[in-house]
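# Per-entry structural report
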Amino acid sequence: KAPLSKSLLLVPSALSILLTLLFQHYQKFFAYNLQAIKEDFQIWRLVCGRTVCLDLKDTFCSSLLIYNFRIFERRYGSRKFSSFLLGAWMLSALFDLLLVELAQYIFGFTINVLPSGFLGPVFALFVPFYGSIPRVQVTQVLGHFSITNKTLVYILGLQLLTSGSYIWILALSGLISGICYNSSILKVHQILCVPSWVAKIFSWTLEPIFSSAEPTNEIRVGMGATVDIQRQQRMELLDRQIMMSQVAQMRRQRQQQGGMINWNRLFPPLRHRHNANYQDHRPSDQETPPPTEVSEEQVARLMEMGFSRGDALEALRASNNDLNVATNFLLQH
């Protein structure tokens, strides 16, 4: 569903681990050495030095941030997301050199090496994250400090910011490049973008490798129009998963107890409950209410959850074909 984010999560992380543990003598080729770029014209270091992290802490934090920022690829599409990363990567390389020269001119110290890795575009993604992702309060700490759905991402960004001595230059250049790319005045997104033919080539070659198949055993959940609807959908999905996880445990308990469930003890009020969809009437003492017809589809759904056919039939008859009520009582008793 997010093949570009998955490739950025797996490939650079794997290369970083290999360079750190097995091929340490090759780390010099992935160092972000500005002196070698300016004096020896080793332009290839702009690619190698700004792709793979040589510090595992930076690899871990940047991977978690890319995982959280995959929402932009799902929202905008892989081509637009890759265009943003390409534009932010190129602009941040330019701003890295400018900020190093500015720091040397103002403060008088020389910076020859910067932290390696795909850090500029990662910090640039904080710009659309701050502007387009809604802030939803989750809880409060000490009654004054609000914990939102964006707090963890900001904490990861702060951890990444404090992991190196000169990483603040990469963070500042990334934020500036993200602002420039998102600016409607500068029109950078119209210049630095991935051509359609390049996007088609990558969709034919790399997307089948990193894309995920659609889950076949889950009900598809759409995205709600508002944040409240999305939270309600997530809560319903979580309740459903908790219910399914309890099925195995309740099934083992019923097998240990043995026999059928006493439905007359469990459902005495449900058998006499009025149906809200029909008119309220009271049968006479001589009348015997007709047996409730049970839907075979609902019986099959309960049997898929692990219940026996007899228990499913009795539960649906006692609950007047209410699948939710029948499921809840099967799980609780």
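Residues numbered from 1 in each chain as written. Predicted model: local features only at pLDDT ≥ 70, side-chain atom pairs only at ≥ 80, totals over all residues. Heavy atoms only, no water.

### Description of the packing of helix H17 (residues 296-304) against helix H18 (residues 309-318)
Packing of H17 against H18 leaves a shortest axis separation of 9 Å and a crossing angle of 130°. One way to sum up the angle between H17 and H18 is to call them oblique. Relative to H18, the crossing made by H17 is right-handed. Contact residues: H17 offers Glu-296, Gln-298, Val-299, Leu-302 and Met-303, while H18 offers Arg-309, Ala-312, Leu-313 and Leu-316. (Axes fitted to C-alpha atoms, helices over the stretch in contact; angles between N-to-C directions. Helix = DSSP H or I, 4+ residues; strand = E, 2+ residues; numbered from the N terminus. Parallel < 35°, antiparallel > 145°, perpendicular 65-115°, else oblique. Left-handed = near helix turned anticlockwise from the far one by under 90°. Contact = heavy atoms within 4.5 Å.)

### Section: the packing of aromatic side chains
Each pair of aromatic rings is reported with the distance of its centres and the angle of its planes. Within the structure shown, the criterion is met by 13 aromatic pairs. Judged by centre distance (5.6 Å) and plane angle (75°), the rings of Phe-129 and Tyr-154 are edge-to-face. A residue pair is termed long-range when its members are at least 10 positions apart, and Phe-129 in helix H8 (residues 126-132) and Tyr-154 in helix H9 (residues 151-161) qualify at 25 residues. Three or more aromatic residues joined by ring pairs form one cluster here, namely Phe-69, Phe-72, Tyr-76, Phe-123, Phe-126, Phe-129 and Tyr-154. The ring of Tyr-76 has Lys-80 lying over it, and the distance from NZ or CZ to the ring centre is 4.8 Å. The side chain of Lys-150 reaches across the aromatic face of Phe-129, ending 5.1 Å from its centre. (Phe/Tyr/Trp six-rings, centres within 6.5 Å; stacked < 30°, edge-to-face > 60°. Lys NZ or Arg CZ within 6 Å of the ring centre and 35° of its normal.)

### Describing the pattern of salt bridges
Enumeration according to the criterion identifies four salt bridges in this entry. With a closest N to O distance of 3.6 Å, Arg-50 and Asp-96 form a salt bridge. Placement of Arg-50 in the loop between helix H3 (45-48) and helix H4 (56-68) and of Asp-96 in helix H6 (residues 78-106) is noted, with a sequence separation of 46 residues between them. For the pair shown, Arg-50 and Asp-96 are each scored as buried. (Salt bridge = Lys/Arg side-chain N within 4 Å of Asp/Glu carboxyl O. Buried < 20%, exposed > 50% of the residue type's maximum accessible area, 1.4 Å probe, protein only.)

### Comments concerning the environment of Gln-27
Positionally, Gln-27 belongs in the loop between helix H1 (3-21) and strand E1 (32-33). Residue classification places Gln-27 among the partly exposed residues on the basis of a relative accessible area of 22%.

### Some thoughts on the UniProt feature "transmembrane region" (unreviewed entry) in the protein
In this structure's numbering, the residues bearing the UniProt feature "transmembrane region" (unreviewed entry) are residues 6-23, 84-107, 113-131 and 152-176. Overall, residues 6-23 shows 89% helix and 0% strand. The separation of its end C-alpha atoms is 24 Å. As a span, residues 113-131 carries 63% helix and 11% strand, and end to end its C-alpha atoms are 32 Å apart. (UniProt positions renumbered as here; feature names shortened; annotations may be inferred.)

### Describing the packing of H1 against H4
Helix-helix packing is characterised by the crossing angle of the two axes and by the distance between the axes. Taken N-terminus to C-terminus, the directions of H1 and H4 make an angle of 170°; their axes are 10 Å apart at the nearest point. Taken as axis vectors, H1 and H4 run roughly antiparallel relative to one another. Every residue of H4 that contacts H1 at Ser-5, Leu-8, Leu-9, Ser-13, Ser-16, Ile-17 and Thr-20 is listed here: Leu-56, Thr-59, Ser-63, Ile-66 and Tyr-67. In terms of residue class, the contact of H1 with H4 is made up of six nonpolar, six polar and no charged. (Nonpolar A, V, L, I, M, F, W, Y, C, P; charged D, E, K, R; others polar.)

### Notes on the confidence of the model for the protein
Regions with low pLDDT carry predicted coordinates that are not meant to be interpreted in detail. On average, residues of the protein score 78 in pLDDT, and 74% of them are at 70 or above. Taking the mean pLDDT of every element in the protein, the minimum, 46, falls on helix H16 (residues 268-271) and the maximum, 93, on helix H7 (residues 119-124). Low confidence marks residues 259-288, where pLDDT is under 50. Its contacts with residues over four positions away, or in another chain, come to 27 contacts. (pLDDT = per-residue confidence, 0-100.)

### Considerations on the side chain of Ser-63
The topology assignment puts Ser-63 in helix H4. Given a relative accessible area of 13%, Ser-63 falls into the buried group. Dropping the residues within four chain positions of it, Ser-63 is found in contact with Leu-9 and Ser-13.

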